[in-house]
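These are the residues of each chain, in order.
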Amino acid sequence: MALQASLLPSALSALKEGKANGALKESAFLGVSLSENSKSEFGSSVFISNKRLNLSVGIRAQTAATTPAVNRASPDDKKTLRKGNVIVTGASSGLGLATAKTLAETGKWNVIMACRDFLKAERAAKAAGMARENYQVMHLDLASLDSVRQFVAAFRQSGRPLDVLVCNAAVYFPTAKEPTYTADGFEMSVGVNHLGHFLLARLLVEDLNVSDYPLRRLIIVGSITGNTNTLAGNIPPKANLGDLRGLVGGLNELSGSTMIDGGEFDGAKAYKDSKVCNMLTMQEFHRRFHEETGITFASLYPGCIATTGLFREHIPLFRLLFPPFQKYITKGFVSEEEAGKRLAQVVSDPSLTKSGVYWSWNNYSASFENQLSEEASDPEKAKKVWEVSEKLVGLA
Ligand code: LMG
Ligand code: NDP
Ligand code: PMR
């Protein structure tokens, strides 16, 4: 399915019009160097590409190993490298904020903080001491597909190229007895953590594809608790997507079940299931698009950041005991600052270019490629989650 022309960057649309009825051919701008682009950071040339992504079903069969037409500078080309543009969802607190701060402080990144609460995000950035010229806040409510589409349109309007997308935002309802729903009627945890991000990433991968930046990445934050090959992943309730019957039904009671596997609502399980979807989605992106586009797709477990807002809905006793428990007993605790550095590494470290990887860190804070559980690395399940999700968000 072709992407809506109305949502394309205007520069790209203009180019497309000039080449109607045919795939975009090799760009005449091949010779444009990055230094020339950087003179007009928001100029149209950064959007030039030889082709648009084929986002249709069965893309793998059609994927040819072509060389991207945009002339990308090498990462060593420091003198002329423009600032990278990175979108971070849920950058108003916790891991997202710490990552935004770390990246902004390098002076090499312009951080687009994509947040549901505009004022909270502005205040958080200010309180974190982020310099005005290194970030913008843009409104994004992942609990509404309309909002996701509006965000993408507004971002494209800004004329900025997109170099890295970080899908970080999440909600967790461990004590909820009843489900809550997104604007589109999906159970909230999977609706926000997975489906909202799925639509966002599916739309913006097109923008990543046409960026001229030497490093282009799409990162989806995962977690240990979705991986049943770990101790933490075996604390009940365990993640399990089953045969996806609840997801197929649209995750609401009217059509059957609010849980992906068709079971009774359980907020803690819904969160863990959503993280499995996040990790499967990253791998499916990798299989469908990495070879064709050169984009790096990655996920990660940043460590147990036991102090963040993620646990705001948990009982007070849990919130009190969980940080010392993780610090002194499991030793899995990391501070928000440390976790932010880890995610920032996945965004910008030139050595973390491998695609399809789920990164973790050892006790000495060195990164390594971690193994996902059987379910979280099942290619058949990933394909099915992808296809069902496309239908739910209106892309198929
Ligand atoms: C459930 O809550 C929810 O009910 C359910 O709806 C769902 O949300 C689910 O997974 C999500 O959670 C269960 C949770 C809530 O209880 C726990 O599982 C406890 C985990 C929290 C861990 C607290 C341990 C406290 C240990 C104190 C550590 C202090 C360290 C200080 C060290 C200082 C050294 C200088 O229930 C609660 O949160 C209530 C918690 C009550 C805890 C009672 C104390 C139990 C102590 C035993 C814990 C030992 C754990 C053994 C770990 C072995 C490690 C290998
Ligand atoms: P926080 O609650 O601190 O941050 C979550 C962010 O998501 C907040 O900025 C929140 O906005 C935002 N958000 C929530 N709902 C929406 C929505 N509908 N639209 C847009 N943004 C939304 O939690 P963490 O920093 O801990 O979580 C960040 C990521 O890290 C998550 O993906 C989580 O799964 C993952 N993670 C966390 C671990 C931990 O131990 N904390 C461990 C492993 C992974 P607002 O500020 O307005 O509430
Ligand atoms: Mg878990 C090595 C042990 C380890 C690690 C790294 C985590 C991470 N946890 C571990 C062990 C245990 N936890 C043990 C032994 C218990 C029983 C006492 C335990 C309990 C527990 C609870 C109740 N842990 C939790 C909860 C939550 O509500 C959190 C959760 O599941 O959120 C979905 C959580 C977490 N433990 C972690 C991490 C990273 C979380 C939180 C968040 C996440 O995965 O995103």
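Look above for the structure.
Residues numbered from 1 in each chain as written. Chains lettered and ligands numbered in written order. Predicted model: local features only at pLDDT ≥ 70, side-chain atom pairs only at ≥ 80, totals over all residues. Heavy atoms only, no water.

Enquirer: Before we move on, could you go through the pattern of salt bridges and cite the residues and values that matter?
Expert: Taken as a whole, this structure holds 16 salt bridges when the rule is applied. Here Asp163 ties to Arg82 by a salt bridge, and the two come within 2.8 Å at their closest N and O atoms. Linking Asp163 in the loop between helix 6 (145–157) and strand 4 (164–167) with Arg82 in the loop between helix 3 (59–62) and strand 1 (84–89), this pair joins segments that are 81 residues apart in sequence. Note on Asp163: relative accessible area 0%, which makes it buried. Put simply, Lys269 and Asp261 hold a salt bridge, and the shortest N to O gap is 3.0 Å. Look at Lys269 and you get buried, because its relative accessible area is 10%. The class for Asp261 is partly exposed, based on a relative accessible area of 22%. One network of salt bridges, in which partners are shared, links Arg82, Asp163 and Asp212. (Salt bridge = Lys/Arg side-chain N within 4 Å of Asp/Glu carboxyl O. Helix = DSSP H or I, 4+ residues; strand = E, 2+ residues; numbered from the N terminus. Buried < 20%, exposed > 50% of the residue type's maximum accessible area, 1.4 Å probe, protein only.)

Enquirer: So what's going on with the site of ligand 1? Residues and values would help.
Expert: The full set close to ligand 1 counts 15 residues, and Tyr172, Pro174, Pro236, Phe318 and Ile329 are the nearest of them. The contact in question runs from an oxygen atom of ligand 1 to an N or O atom on the backbone of Pro174, over 2.9 Å. Taking 1200 Å² as the accessible area of ligand 1 by itself, protein coverage stands at 46%. For the shell around ligand 1, the secondary structure elements donating two or more residues are helix 9 (267–293) and helix 10 (316–330). Considering every element that reaches the shell around ligand 1, the biggest residue donor is helix 10, with seven residues. (Near = heavy atom within 4 Å. Polar contact = N/O pair within 3.5 Å; in protein donor to acceptor, adjacent residues only side chain to side chain. Areas by Shrake-Rupley, 256 points an atom, 1.4 Å probe, with all protein chains shown as cover.)

Enquirer: An account of a nonpolar patch on the surface is requested, with residue identities and associated values reported.
Expert: A cluster of nonpolar side chains, Ile315, Leu317, Leu320 and Leu321, forms an exposed patch at the surface whose accessible area comes to about 410 Å². Using a relative accessible area of 52% as the deciding quantity, one classes Leu317 as exposed. (Patch = residues over 30% accessible without salt bridge, like charges linked within 9 Å, V, L, I, M, F, W, Y side chains within 5 Å.)

Enquirer: Provide a residue-level description of helix 7 (residues 188–209), including the pertinent values.
Expert: Between the first and last C-alpha of helix 7 there are 30 Å, a value that for 22 residues agrees with the 32 Å anticipated at 1.5 Å per step. The largest bend in helix 7 is about 30 degrees, located at Leu203. With 22 of 22 residues buried, helix 7 lies mostly within the body of the structure. (Expected span 1.5 Å × (residues − 1). Bend = angle between axes of the 7 residues up to and from the residue.)

Enquirer: Would you mind going over unusual backbone geometry in detail, with residue names and values included?
Expert: At the junction of Pro236 and Pro237, the peptide bond is cis and its omega measures out at -5 degrees in the coordinates. Note that Pro237 resides in the loop between strand 5 (217–221) and helix 8 (245–248). Positioned with a positive phi, Lys331 is a non-glycine residue whose angle comes to about 60 degrees. One can find Lys331 in the loop between helix 10 and helix 11 (336–348).

Enquirer: Pulling in residues and values, what's your account of the site of ligand 2?
Expert: What surrounds ligand 2 is a group of 32 residues, the closest being Ser92, Lys120, Asn168, Tyr271 and Thr308. The separation between an oxygen atom of ligand 2 and a polar main-chain atom of Leu95 is 2.7 Å. Contacts to ligand 2 include Ala170, whose backbone N or O atom sits 3.3 Å from an oxygen atom. The fraction of the free accessible surface of ligand 2 (900 Å²) that becomes covered by protein chains is 97%. Listed by contribution, the elements that provide at least two residues to the shell around ligand 2 are helix 4 (94–105) and helix 9. A per-class count over the shell around ligand 2 returns 16 nonpolar, ten polar and six charged. (Nonpolar A, V, L, I, M, F, W, Y, C, P; charged D, E, K, R; others polar.)

Enquirer: Talk me through the packing of helix 9 against helix 12 (residues 379–392); I want residue IDs and the actual numbers.
Expert: The geometry of helix 9 relative to helix 12 is characterised by a closest axis approach of 9 Å and an angle of 95 degrees between their N-to-C directions. On the basis of their axis angle, the class for helix 9 and helix 12 is roughly perpendicular. Listed contacts from helix 12 to Cys277, Leu280, Thr281, Glu284, Phe285, Arg287, Arg288 and Phe289 of helix 9 are Pro379, Lys381, Ala382, Lys383, Val385, Trp386 and Glu387. Split into classes, the residues belonging to the contact of helix 9 with helix 12 amount to eight nonpolar, one polar and six charged. (Axes fitted to C-alpha atoms, helices over the stretch in contact; angles between N-to-C directions. Parallel < 35°, antiparallel > 145°, perpendicular 65-115°, else oblique. Contact = heavy atoms within 4.5 Å.)

Enquirer: Account for the pairing of strand 4, naming residues and giving values.
Expert: Both faces of strand 4 are covered, namely the face carrying Val164 and Val166 and the face carrying Leu165 and Cys167. Where strand 1 meets strand 4, three bridges bridge the pair, whose relative direction is parallel. Pairing of Val86 across the sheet is with Val164, part of strand 4. Between the parallel pair strand 4 and strand 5, the chain is carried across by helix 7, and the sense of this crossover is right-handed. (Pairing = 2+ DSSP bridges. Right-handed = clockwise from strand over helix to strand, strands pointing away.)

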